[in-house]
Amino acid sequence: MDDELWRRIEAILSEDAPPTPKVHGGRPRINWRAAIDGIIFRLRTGCRWNKLPERFGDDSSIHRWFQRWCRNGVFERIWAVLVEACDELGAVSWKWQAADGRLGKARFGGEETGPNPTDRAKPGTKQSLLVEADGGPLAAVIAGANVPDFKLLAETLEAVVVERPDPGEVEQHVCLDAGYDNEPSREVVERHKYIGHIRPARPGPRPGRRPGRRKARRWVVERTLAWLSKCRALLVRYDKHDENYLGLIQLD
């Protein structure tokens, strides 16, 4: 990562840090920047913690800090700071958003897992994601693989890492696939003051778009989920603790 990005991240890490060890006592603190690089390496490759290259530092210390940061929501705060910076630059398009879920394997089971209906009921985890018009992630939650997408919609919309613009001032649409074509999903969309665009579950004639109305874009969230799947530690879940797996999603 470049120096400017590291300065932003270091400020957040410092807020969560315990007191600095005394000069004449206690073990010195590990290099945070190298530790973050090590966590990103593990995120990309999916390797075991004890197989991290030595250049990142002691693997046990990196793992302890990683668990602390996940438990205290540090990665979510980093994500929020970056989204806010993009929003200030006008790079977050709130008008059109999309949500969807993806199933993944959970090799060792753990919290927030369930029988995967597409993998012979083996343990699996579902990622539910909300993105803006260009595919930038705004919210992420996880649950067992057997939880239907629409049951995670409310939790996903409420998990946006920054404060949403006032729907009365900025028109906001949410695009959903046929898995959300039911009354509970419509109630959630209306309650959160979105304009919903839900693909019908049953085929039939499609209503024509009004002149000047932009076509609903659901594919952007599927593309973002595909990008996340390029990370081996997200494609296959190896973390037993749900906050650790969610922390990796937030960091990516």
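Bear in mind the structure is a predicted one, so any value in this text is a computation, not a measurement.

**Q** Any chance you could explain the pattern of salt bridges here in plain terms?
**A** Once the charged atoms of two side chains with opposite charge are near each other, the side chains can pair. Throughout the structure, instances matching the rule amount to 8 salt bridges. For R42, the salt bridge identified is with D239, shortest N-O distance 3.2 Å. In this pair, R42 sits in helix α2 (residues 32-45) while D239 sits in the loop between β7 (236-237) and α9 (242-251), placing the two residues 197 residues apart along the sequence. Note on accessibility: R42 and D239 belong to one class, buried. D252 is the salt-bridge partner of R44, the closest N and O atoms lying 3.4 Å from each other. Residue R44 is found in helix α2, and its partner D252 is found in the segment after α9; the two are separated by 208 residues along the sequence. Residue class for D252 comes out partly exposed when judged on its relative accessible area of 32%.

**Q** How do you make sense of the packing of helix α3 (residues 59-71) against α9 when you look at a structure like this?
**A** Between α3 and α9, the least distance of the axes is 9 Å, while the angle of their chain directions is 85°. Regarding the angle of α3 to α9, the classification is roughly perpendicular. Where α3 approaches α9, its residues F66, Q67 and C70 are matched on the opposing element by E243, N244, G247 and L248. For the contact of α3 with α9, the residue count by class is 3 nonpolar, 3 polar and 1 charged.

**Q** Is there a simple way to explain the pairing of strand β1 (residues 96-106) in this structure?
**A** Along any regular strand, the residues point their side chains to alternate faces of the sheet. Across the 11 residues that make up β1, a large majority, 9, are buried. Examined bridge by bridge, β1 and strand β5 (residues 173-176) share 3 bridges and lie parallel to one another. Residue pairing in the sheet places W96 in a bridge with H173 of β5. Direction of pairing for β1 relative to β7: parallel, over a ladder of 2 bridges. Pairing of A106 across the sheet is with R237, part of β7.

Definitions and cut-offs
The residue numbers shown here count from 1 along each chain, following its written sequence. It should be noted that, the model being predicted, local features are given only for residues of pLDDT at least 70 and side-chain atom pairs only at 80 or more, the latter also being counted only at that level, while totals for whole chains, interfaces and linings use all residues. Water and hydrogen atoms play no part in the side-chain values, which are based on all heavy atoms of the structure. Salt bridge, as applied in this entry: a Lys or Arg side-chain nitrogen positioned within 4 Å of an Asp or Glu carboxyl oxygen. We count a stretch as a helix when DSSP gives it H or I for four or more residues in a row; a strand needs E for two or more, and each element gets its number in order from the N terminus. A 1.4 Å probe rolled over the protein chains alone gives each residue an accessible area, and that area as a share of the maximum for its type sets the label: buried under 20%, exposed over 50%, partly exposed in between. Structural elements are reduced to axes, namely lines fitted to C-alpha atoms, with helices fitted over the stretch in contact, and the angle between N-to-C directions of any two is expressed from 0 to 180 degrees. Angles below 35 degrees are treated as roughly parallel, those above 145 as roughly antiparallel, those between 65 and 115 as roughly perpendicular, and all remaining angles as oblique. When checking whether two residues touch, look at their non-hydrogen atoms; a contact exists if any pair is within 4.5 Å. Polar here means any residue outside two lists: the nonpolar Ala, Val, Leu, Ile, Met, Phe, Trp, Tyr, Cys and Pro, and the charged Asp, Glu, Lys and Arg; Gly therefore counts as polar. At least two DSSP bridges between two strands are required for those strands to pair.

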